[in-house]
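# Overview (structure and organization)
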There are 2 protein chains.
Amino acid sequence: MSKVSLLSLLEAGSGEYVSGEEISRKLNVSRTAVWKQVRKLEADGYVIEAVPRLGYRLTGKPSRLSVQELLPKIETKRFGRQLHLLDVVPSTQDELRRLAEQGAPEGTLVIAEQQTNGRGRMGRSWVSPAGKGIWMSLLLRPPVPLPLTPQLTLLAAVALSRAISREVPVKIGIKWPNDLLVGGKKISGILLESAAEDERLRYVVVGLGISVNLDAEDYPAELLDKAISLKMASGAPINRSGLIAIILEEFERLYDLYLEQGFAPIRSLWEAHSVTLNSETTLYTPQGAVLGIPRGLDDMGGLKVEISDGSYRTIYSAEIGDRVVGS
Amino acid sequence: MSKVSLLSLLEAGSGEYVSGEEISRKLNVSRTAVWKQVRKLEADGYVIEAVPRLGYRLTGKPSRLSVQELLPKIETKRFGRQLHLLDVVPSTQDELRRLAEQGAPEGTLVIAEQQTNGRGRMGRSWVSPAGKGIWMSLLLRPPVPLPLTPQLTLLAAVALSRAISREVPVKIGIKWPNDLLVGGKKISGILLESAAEDERLRYVVVGLGISVNLDAEDYPAELLDKAISLKMASGAPINRSGLIAIILEEFERLYDLYLEQGFAPIRSLWEAHSVTLNSETTLYTPQGAVLGIPRGLDDMGGLKVEISDGSYRTIYSAEIGDRVVGS
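Residues numbered from 1 in each chain as written. Chains lettered and ligands numbered in written order. Predicted model: local features only at pLDDT ≥ 70, side-chain atom pairs only at ≥ 80, totals over all residues. Heavy atoms only, no water.

## A closer look at the overall build of chain A
Of regular secondary structure, chain A possesses nine helices and 14 strands. Buried residues in chain A amount to 54% of all 327 residues. The long-range fraction of contacts in chain A, counting pairs at least 24 apart against all pairs at least 6 apart in sequence, stands at 63%. As displayed, chain A has an accessible area near 14100 Å², and 49% of this comes from carbon and sulfur atoms. Between the centroid of the 39 positive side chains of chain A and the centroid of its 39 negative side chains there is a distance of 4 Å. (Helix = DSSP H or I, 4+ residues; strand = E, 2+ residues; numbered from the N terminus. Buried < 20%, exposed > 50% of the residue type's maximum accessible area, 1.4 Å probe, protein only. Contact = heavy atoms within 4.5 Å. Areas by Shrake-Rupley, 256 points an atom, 1.4 Å probe, with all protein chains shown as cover. Lys, Arg positive; Asp, Glu negative; His and termini not counted. Charge placed at Lys NZ, Arg CZ, Asp CG, Glu CD.)

## What to know about the UniProt feature "DNA-binding region" (unreviewed entry) in chain A
Per the UniProt record, "DNA-binding region" (unreviewed entry) is found at residues 20-39 of chain A. Strand forms 0% of residues 20-39 of chain A and helix 85%; the C-alpha atoms that close the span are 13 Å apart. (UniProt positions renumbered as here; feature names shortened; annotations may be inferred.)

## Let's talk about the UniProt feature "binding site: biotin" (unreviewed entry) in chain A
Residues given the UniProt feature "binding site: biotin" (unreviewed entry) here are Gln115, Arg119, Gly120, Arg121 and Lys186 of chain A. Here the side chain of Lys186 of chain A touches Asp179 of chain A through a polar contact of 3.2 Å, side chain to side chain. (Polar contact = N/O pair within 3.5 Å; in protein donor to acceptor, adjacent residues only side chain to side chain.)

## A word on the sheet that holds strand E11 (residues 288-297) of chain A
Sheet strands associate in pairs through backbone hydrogen bonding, adopting either a parallel or an antiparallel arrangement. Strands sit in the order E13-E12-E11-E10-E14 (chain A) across an open sheet of five strands; the sheet is antiparallel. Sheet topology places strand E13 (312-315) and strand E14 (319-320) of chain A at the edges, where each strand pairs with a single neighbour. (Pairing = 2+ DSSP bridges.)

## With respect to the interface of chain A and chain B
Chain A puts 35 residues into the contact, and the matching count from chain B is 35 residues. A buried area of about 2800 Å², summed over both sides, lies between chain A and chain B, and 49% of it is on carbon and sulfur atoms. Put simply, chain A and chain B have two salt bridges between them. Taking the shortest distance from any N to any O, the salt bridge between Arg97 of chain A and Glu101 of chain B comes out at 3.6 Å. Among the elements that take part in the side of chain A that touches chain B, strand E8 (residues 185-197) of chain A stands out by supplying eight residues, more than any other. Of the residues contributing to the side of chain A that touches chain B, the split by class is 15 nonpolar, 10 polar and 10 charged. Of the strand pairs in this sheet, E8 of chain A and strand E8 (residues 185-197) of chain B are connected by five bridges, and their pairing is antiparallel. Across the sheet, Glu193 of chain A pairs through a bridge with Glu197 of chain B, a residue of E8 of chain B. (Buried area = accessible area lost by both parts, 1.4 Å probe. Salt bridge = Lys/Arg side-chain N within 4 Å of Asp/Glu carboxyl O. Nonpolar A, V, L, I, M, F, W, Y, C, P; charged D, E, K, R; others polar.)

## A word on the sheet that holds strand E14 (residues 319-320) of chain B
All names here are of chain B. The five strands lie next to each other as E13-E12-E11-E10-E14, forming an open sheet whose pairing is antiparallel. Edge positions in the sheet fall to strand E13 (312-315) and E14, since each of these pairs with one other strand and no more. Bridge count between strand E10 (residues 281-285) and strand E11 (residues 288-297): five bridges; the pairing is antiparallel. Within the sheet, the bridge partner assigned to Thr285 lies in E11 and is Gly288.

## Some words on the packing of helix H8 (residues 240-261) of chain B against helix H9 (residues 264-273) of chain B
Residues and elements named next belong to chain B. Running from N to C, H8 and H9 cross one another at 130°; their axes reach a closest spacing of 8 Å. Here H8 lies oblique to H9, going by the angle between them. For the pair formed by H8 and H9, the contact residues are Leu254, Leu257, Tyr258 and Gln261 on the first element and Pro265, Ile266 and Leu269 on the second. Residues of the contact of H8 with H9, tallied by class, amount to six nonpolar, one polar and no charged. (Axes fitted to C-alpha atoms, helices over the stretch in contact; angles between N-to-C directions. Parallel < 35°, antiparallel > 145°, perpendicular 65-115°, else oblique.)

## Quick word on the nonpolar core
Counting residues in hydrophobic clusters, the biggest one holds 137 residues, and the most contacted among them are Ile164 of chain A together with Ile164 of chain B. Every residue in contact with Ile164 of chain A, bar those within four places of it in the chain, is listed here: Val170, Ile172, Leu180, Ile187, Ile210, Leu230 and Leu243 of chain A. (Core = buried A, V, L, I, M, F, W, Y, C linked by side-chain atoms within 4.5 Å.)

## Notes on the relation of the copies chain A and chain B
Superposing the two chain copies requires a rotation about an axis and a translation along that axis. By a simple turn and slide, chain A fits onto chain B: the slide is 0.1 Å along the axis, the RMSD is 0.3 Å, and the turn is 180°. Viewed as a symmetry operation, the transformation between the two copies matches a two-fold axis. Minimal C-alpha distance to the rotation axis in chain A is attained by Pro147 of chain A, lying at 1.9 Å. Of the interface residues in chain A, 100% have counterparts in chain B that sit at the interface too, so the contact is made through matching surfaces. (Least-squares fit on C-alpha atoms with pLDDT ≥ 70 in both.)

## Focus on the side chain of Thr108 of chain B
Residue and element names in this part refer to chain B. By the element assignment, Thr108 lies in the loop between helix H5 (92-101) and strand E4 (109-115). A distance of 2.6 Å separates the side chain of Thr108 from the backbone oxygen of Pro105, its partner in a polar contact. Apart from the residues lying within four places of it in its own chain, the contact partners of Thr108 are Gln82, His84, Leu96, Leu99, Ser137, Leu138 and Leu139.

## Side note on the packing of helix H6 (residues 149-167) of chain A against helix H8 (residues 240-261) of chain A
Residues and elements named next belong to chain A. At a minimum axis distance of 8 Å, the contact between H6 and H8 shows a crossing angle of 140°. Between H6 and H8, the angle is such that the two are oblique. Seen from above, H6 lies across H8 with right-handed handedness. Within the contact between the two elements, H6 uses Gln151, Leu152, Leu155, Ala156, Val158, Ala159, Leu160, Arg162, Ala163, Ile164, Arg166 and Glu167 and H8 uses Gly242, Leu243, Ile246, Ile247, Glu249, Glu250, Phe251, Arg253, Leu254, Tyr255 and Tyr258. Taken together, the residues of the contact of H6 with H8 sort by class into 15 nonpolar, two polar and six charged. (Left-handed = near helix turned anticlockwise from the far one by under 90°.)

## Re the pattern of salt bridges
In this structure the tally under the stated criterion is 50 salt bridges over all chains. Among the salt bridges present, the one from Asp218 of chain A reaches Lys132 of chain A, with a minimum N-O distance of 2.8 Å. In this pair, Asp218 of chain A is assigned in the loop between strand E9 (200-211) and helix H7 (230-234) and Lys132 of chain A in the loop between strand E4 (109-115) and strand E5 (133-140), connecting sequence segments 86 residues apart. Take Asp218 of chain A: its relative accessible area is 15%, and that puts it in the buried class. One network of salt bridges, in which partners are shared, links Asp94, Arg97 and Glu193 of chain A together with Glu101 and Arg202 of chain B.

Pasting the structure below:
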């Protein structure tokens, strides 16, 4: 039984209930098989009401992103002006890196409805089902030297946090360097991949993964105490096109501010949104664990950590609290 | 007329003179054409003696690198242990980046007899004719955070300088960050290409281009006051295999020292070899020109420059003296 046949039966019902028995008979499969296919359609973003004795009723279809809907909302000068909207890709990062090597301009954006090989930090896989999140990669060609790249990581976190706060009534905290949390649970992932020649940045591919309209059943059970979607956190589904446009707007504005005034304003914003500062924590660096109290950022974008003897260490690469970094 | 036919005639001569007239007749080309082909063979590393009335005599063949000759000389643990010795490639950097993405281990080395698209800093082309230089790329997977990459640039310059000094009687000065000069002229180029995910370095491809046995006629005329080969500077040809082995040895030793003790010892060595410090110079940064006196390196590997008002600026990316950087 294919999903299409079940879908066509439900669509033929025009919003009325179609009994499980009828579907089972017409498709020549068991009632259990019907139920399983219903779950699969739901996973793809269809909304199906199931009522005992009445059957199944189609009440919602997955919202697909479209260039027609998206473009009029984008009010930036560069970010997202070169737009690649794709259905399924292994990873928007790999796609955009390829375009970057071919000379794509700053602001080029790759969005996918679904990633089959989405990656998070440290090569971890990233849950990115069809139609329910924002999985996108933005190309930067910043005229700043390589050692300042951590500043861009922090900038991305601030931009994304501000954009979401404008659209969704949730309180967001930034966990160093760039995880966005709502009630202690992760709602997004940011991954910057950079390529440099000597101390000159050739390009930075900023990957943004945002769990927008995922439902609890979209997550592996073991992630439910660590991750949450904006819909789950706020109680209402969110229009993805609108949110994408706002993200591009906030990102471009902050990036231009950064290029003009340097890191100082970004640093203040990051520190104001952070949930990492001023409480004792363990930072797992490639050189070993560091126990201390993060006090703020330094000029380069490193995290200043106060050690028990009162001295300070600046940390650039570490995982906080949960697990040890590979080197 | 192909070079092979001329070469086969000269080789058939077994070190005796073959008259230009005879060559001209057997190959059915003019005497001038014969002479032009002789020059081409010389450019490829053949040594041909030309004596009026006697003709041409083959007295030397280009020394080719071979794995058989090279491997026994390499006494390192990791550097160069995975060796790819190629004849002609567009660029050893691109070749090694491809291997790096496929998971090649630290120390993997790509050497080419000739590059057809060798690149220097800022995308400039790099003169790399067959058999006369060392054109190679070494893979590092350093467990250090991205902002410390400039330290590796400086480490590479020190390692190369020390290796050459052991093998060739020339006095080498390091021009910030990593040009090696003999008598003010450039003998080598170093280019580090790095790939990072957030603040974590995935890998660094260290490109080393060394003008070993090039002759004056191998250079474009406009480069002769800026560039020189080790052979031209020292007056004698240099065995490339031996030099490669020494470079790998010095590089691995310094790299291990760096991983163990940090940047401090590298910094001292770099400062001791530098010709950039303590004299006024103009540094062209992406943000504009800076006039000042470089005084030393900071902890991160940046160049501390004293400005006229006595204040200090740290520079990470700039060109010194000659031309403006693109951004």
